[in-house]
Amino acid sequence: MKSNLLIALFALGVFTTSTVPASAQGVLTGDTRLACEALLCLSTGKMPSECVPSIQRYFSISYKSFADTLRGRINFLNLCPASNQSADMGSLVNAISNGAGRCDASSLNRTLLNHYNSVEDWTVVISNQMPGYCSAYTTHQFTDLGDTAPKYVGIPERGGYWIDAKDYAGALAAYNARILAEDQAAVLAAMANGNGGD
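Being a predicted model, the structure only gives us computed values, none of them experimental.

Asks: Even after reading the chapter, I still don't get a nonpolar patch on the surface, so can you show me in this structure?
Replies: Taken together, the side chains of Val187, Leu188 and Met191 make up a nonpolar region of the molecular surface, amounting to roughly 300 Å² of accessible area. Relative to the assigned elements, Leu188 resides in helix 8 (residues 168-196). Residue class for Leu188 comes out exposed when judged on its relative accessible area of 56%.

Asks: Hey, could you run me through the nonpolar core in this one?
Replies: Most often, soluble globular proteins have nonpolar side chains that are buried together. Counting residues in each nonpolar core, the largest one holds 34 residues, and the members touching the most others are Leu39, Leu42, Tyr58, Phe76, Leu77, Ile96 and Tyr137. At the level of elements, helix 2 (30-41), helix 3 (52-59), helix 4 (66-77), helix 5 (87-99), helix 6 (105-111) and helix 7 (132-138) are the ones that each hand at least two residues to this core. Among the elements that line this core, the one with the most residues is helix 2, at six residues. For Leu42, the residues in contact, after removing those within four places along its chain, are Met47, Ile55, Tyr58, Phe59, Ile96, Ala100, Tyr137 and Leu145. Grouped together as the second largest cluster of nonpolar side chains are five residues, Val153, Ile163, Ala171 and Ile179 included.

Asks: Would you take a moment to explain the packing of aromatic side chains for this structure?
Replies: Geometrically, a pair of aromatic rings is defined through the distance of the ring centres and the angle of the planes. Using the criterion set out here, one finds two aromatic pairs in the structure. Between the aromatic rings of Tyr58 and Phe59, the centroid separation amounts to 4.9 Å while the plane-to-plane angle is 85°, which identifies the pairing as edge-to-face. Residue classification places Tyr58 among the buried positions, given a relative accessible area of 0%. With a centroid separation of 5.2 Å and 75° between ring planes, the pair formed by Tyr152 and Trp162 is classed as edge-to-face. Placement of the pair is Tyr152 in strand 3 (residues 151-153) and Trp162 in strand 4 (residues 161-163), with a sequence separation of 10 residues. Relative accessible area serves as the criterion here: at 12%, Tyr152 is assigned to the buried category. Residue Trp162 is classed as buried on the basis of its relative accessible area, which comes to 6%. One residue, Arg73, lies across the ring of Tyr58, its end atom 5.2 Å from the ring centre. Against the face of Tyr133 rests Arg102, its NZ or CZ located 3.8 Å from the ring centre.

The rules behind each value
- The residue numbering used here restarts from 1 in each chain and proceeds along that chain's sequence as written.
- pLDDT decides what is reported in this predicted model: residues at 70 or higher carry local features, side-chain atom pairs at 80 or more are listed and counted, and totals for whole chains, interfaces and linings draw on all residues regardless.
- Side-chain figures throughout are based on the complete set of non-hydrogen atoms in the structure, without hydrogens or water.
- Here the term patch refers to residues with relative accessible area over 30% and no salt bridge, with like charges joined within 9 Å and nonpolar side chains (Val, Leu, Ile, Met, Phe, Trp, Tyr) within 5 Å.
- Computed with a 1.4 Å probe, the accessible areas rest on the Shrake-Rupley method; for each residue, only the protein chains presented here act as cover.
- The rule for a salt bridge is simple: a side-chain nitrogen of Lys or Arg has to be within 4 Å of a carboxyl oxygen of Asp or Glu.
- A run of DSSP states H or I qualifies as a helix once it reaches four residues; a run of E qualifies as a strand once it reaches two. Both are numbered from the N-terminal end.
- Think of it in three bands: residues with accessible area under 20% of the maximum for their type are buried, residues over 50% are exposed, and the middle band is partly exposed, with areas taken using a 1.4 Å probe on protein chains only.
- Here, the term nonpolar core denotes a set of buried Ala, Val, Leu, Ile, Met, Phe, Trp, Tyr and Cys residues that are joined through side-chain atoms within 4.5 Å.
- A contact between two residues is defined here by any heavy atoms of the two lying within 4.5 Å.
- In this analysis, rings of Phe, Tyr and Trp, with Trp reduced to its six-membered ring, are considered paired at centre separations within 6.5 Å, and the interplanar angle assigns stacked below 30 degrees, edge-to-face beyond 60, and tilted for intermediate values.
- In this analysis the charged atom, NZ for Lys or CZ for Arg, is taken to sit over a ring once it is within 6 Å of the ring centre and within 35 degrees of the ring normal.

Structure follows, in structure tokens:
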């Protein structure tokens, strides 16, 4: 299914090679072309450098109200003729506009941060449940973000957090080492307290 998006956008002449004369380049120009490129570029976790203009144009759409920003970005993506070819393409536009730029590790760590007042102190917990708009974006049938989507390290109650997929293995090893050290320190403290009470 992911290849259907590529076929549709290439058929519309979104991307052309530099060897094609300017007069013979693709049918699409201006914002229409940038919208189609943005649809394609924001559907993959591995963007080529050719994506820079369309991504900059997409993220330049910003208003005071976040709802207006989302609406403006949806309207921009809908300039691409492929966006209206099927219900699946329409859902891709919505998934991208709601998720792109909001579902990276640092955004998730900020958005999902909760403070709980325990008996002794405030506890900070980052949820390991990805928001619905991120799940819709990262798992959409026309996106290929699975290998690059952020991953959760650990468990919320023990200081878990989101990390970029490329950094996951190192972060998990560091997390496990920290948990092991904390558990060993807790055992030693319990033993010391037990001995002190005799």
